[in-house]
Amino acid sequence: MKIVIKLTSLILVLFIFILNDTFAQKFGYVDTDYILSQMPEYSEAKGEIEKISKAWEQEIREMYKDIEEMEASLQAEEVLLTKEMKDDRLKEIDLKWDEVKAYQKKVFGFEGLFFLKKKELIKPVQDQVFDAVEKVAKNHRLQIVFDKSGDLVMIYTDPVHDYTDYVLEELGLGDKNDVISNN
């Protein structure tokens, strides 16, 4: 009878440990900034965005320069102009200022052309990373994956839970030997 009770107790304890392990949530984290920095596609997209941004900035600078030249011309000729002529020129300058500000807002404003172009070039690369993270999470049966580079602040992280290398491997950017030695 004592053996049956001990055996039953042992089975019950083992069952509780197995049940606890089954319902335990498994989590990990990745560093998407690091992953993106390892991707040549991301570097190319960033370079393209920077090139486009500089071109738009130069175009806007030229527009400002033209307006400043119009103002300088007005000041130089102001004594020779009638009140009506001066008012017309001031209206023209104000109109140009409004046009430049509207164009600048159209390009660099909230959801402007720059934002849309950046989204167009970066989103496919980010989607690749998120797909790889999803595959790694499913392969390692993770319920939660945190992004270490985002707004989430982690005071302590055990490297055992870092799955960045697995994501790099999934993207074909990592070395399997590094993944095995790191984790």
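Each chain carries its own residue numbering, running from 1 in the direction its sequence is written. Where local features are concerned, this predicted model is filtered to residues with pLDDT of at least 70; where side-chain atom pairs are given and counted, the filter is 80 or more; whole-chain, interface and lining totals use all residues. In computing side-chain values, all of the structure's heavy atoms are included and hydrogens and water are not.

### Side note on the overall build of the protein chain
- Secondary structure elements are defined from DSSP: runs of H or I of at least 4 residues count as helices, runs of E of at least 2 residues count as strands, and each element is numbered from the N terminus. Per the secondary structure count, the protein chain includes seven helices and two strands.
- Relative accessibility thresholds used throughout: buried, under 20% of the residue-type maximum; exposed, over 50%; partly exposed, between the two (1.4 Å probe, protein chains only). Each of the 183 residues in the protein chain was classed as buried or not, and the buried ones make up 21%.
- Contact definition: two residues touch when any of their heavy atoms are within 4.5 Å. Pairs at least 24 residues apart make up 77% of the contacts formed inside the protein chain by residues separated by at least 6 positions.
- Here the open area of atoms and residues is found with the Shrake-Rupley method and a 1.4 Å probe, where only the protein chains shown may cover a residue. Only carbon and sulfur atoms are counted for the fraction: they give 57% of the accessible area of the protein chain, which is about 13700 Å².

### Concerning the confidence of the model for the protein chain
- The predictor's confidence in any single residue is recorded as pLDDT, a number from 0 to 100. Looking at the protein chain, the pLDDT average stands at 83 and 78% of residues meet or exceed 70.
- Counted against residues more than four places away or in other chains, residues 179-183, with its pLDDT under 50, gives eight contacts.

### Details of a negative patch on the surface
- Here the term patch refers to residues with relative accessible area over 30% and no salt bridge, with like charges joined within 9 Å and nonpolar side chains (Val, Leu, Ile, Met, Phe, Trp, Tyr) within 5 Å. Only one rule defines a salt bridge in this text: a Lys or Arg side-chain nitrogen within 4 Å of an Asp or Glu carboxyl oxygen. When charges are counted, Lys and Arg contribute as positive and Asp and Glu as negative, whereas His and the chain ends are disregarded. Just so you know, the charge point we use is NZ for Lys, CZ for Arg, CG for Asp and CD for Glu. Together, Glu 62, Asp 66, Glu 68, Glu 69, Glu 71, Asp 94, Asp 98 and Glu 99 make up a negatively charged patch on the protein surface.
- Those elements that place two or more of their residues in the negative patch are α3 (40-77) and α4 (83-108).
- In terms of residue count, the dominant contributor to the negative patch is α3 (five residues).
- Assignment of secondary structure puts Asp 66 in helix α3.

### Notes on unusual backbone geometry
- Despite not being glycine, Glu 111 shows a phi value in the positive range, around 55°.
- As for its position among the elements, Glu 111 is in the loop between α4 and α5 (113-139).
- Positive phi outside glycine occurs at Arg 141, with the angle close to 50°.
- Among the secondary structure elements, Arg 141 is positioned in the loop between α5 and β2 (144-147).
- A relative accessible area of 67% places Arg 141 in the exposed class.

### So, the nonpolar core
- For this analysis, a nonpolar core means a set of buried residues of the types Ala, Val, Leu, Ile, Met, Phe, Trp, Tyr and Cys, connected via side-chain atoms within 4.5 Å. Ile 35, Met 39, Val 129 and Val 167 are the most contacted members of the largest nonpolar core, which totals 19 residues.
- Among the elements that line this core, the one with the most residues is α5, at seven residues.
- Setting aside residues no more than four positions away along its own chain, Val 129 makes contact with Thr 32, Ile 35, Leu 36, Met 39, Val 167 and Leu 171.
- Listed in part, the 10 residues of the second largest apolar core include Ile 67, Leu 74, Leu 81 and Tyr 103.

### Here we look at the environment of Tyr 163
- Locating Tyr 163 in the fold gives a position in the loop between β2 and α6 (164-170).
- The buried category is assigned to Tyr 163, whose relative accessible area is 8%.
- For Tyr 163, the contacting residues outside a window of four places in its chain are Lys 26, Phe 27, Gly 28, Tyr 29, Val 30, Val 136, His 140 and Leu 142.

### Here's the deal with the packing of aromatic side chains
- Side-chain rings of Phe, Tyr and Trp, where Trp is taken by its six-membered ring, are said to pair if the distance between their centres is within 6.5 Å; with planes under 30 degrees apart they count as stacked, over 60 as edge-to-face, and otherwise as tilted. In this structure the tally under the stated criterion is five aromatic pairs.
- Consider the rings of Trp 56 and Phe 108, whose centres lie 6.4 Å apart with planes at 85°: the pair is edge-to-face. Taken together, the residues span a long stretch of sequence, with Trp 56 in helix α3 and Phe 108 in helix α4 at a distance of 52 residues.
- Both rings, one in Tyr 163 and one in Tyr 166, keep their centres 5.5 Å apart while their planes meet at 35°; by these two values the pair is tilted.
- Within the aromatic cluster, the residues linked to one another by ring pairs are Trp 56, Phe 108 and Phe 114.

### Comments concerning the packing of α3 against α4
- Axes here refer to lines fitted to C-alpha atoms; in helices the fit is confined to the stretch in contact. Angles between the N-to-C directions go from 0 to 180 degrees. Two elements in contact, α3 and α4, have axes whose closest approach is 10 Å; the angle formed by their N-to-C orientations is 170°. Relative to α4, α3 is oriented roughly antiparallel.
- Split by residue class, the contact of α3 with α4 holds 14 nonpolar, three polar and nine charged. Each angle receives one of four descriptions, namely roughly parallel if under 35 degrees, roughly antiparallel if over 145, roughly perpendicular if within 65 to 115, and oblique otherwise. Under the scheme applied here, ten amino acids are nonpolar (Ala, Val, Leu, Ile, Met, Phe, Trp, Tyr, Cys and Pro), four are charged (Asp, Glu, Lys and Arg), and all others, including Gly, are polar.

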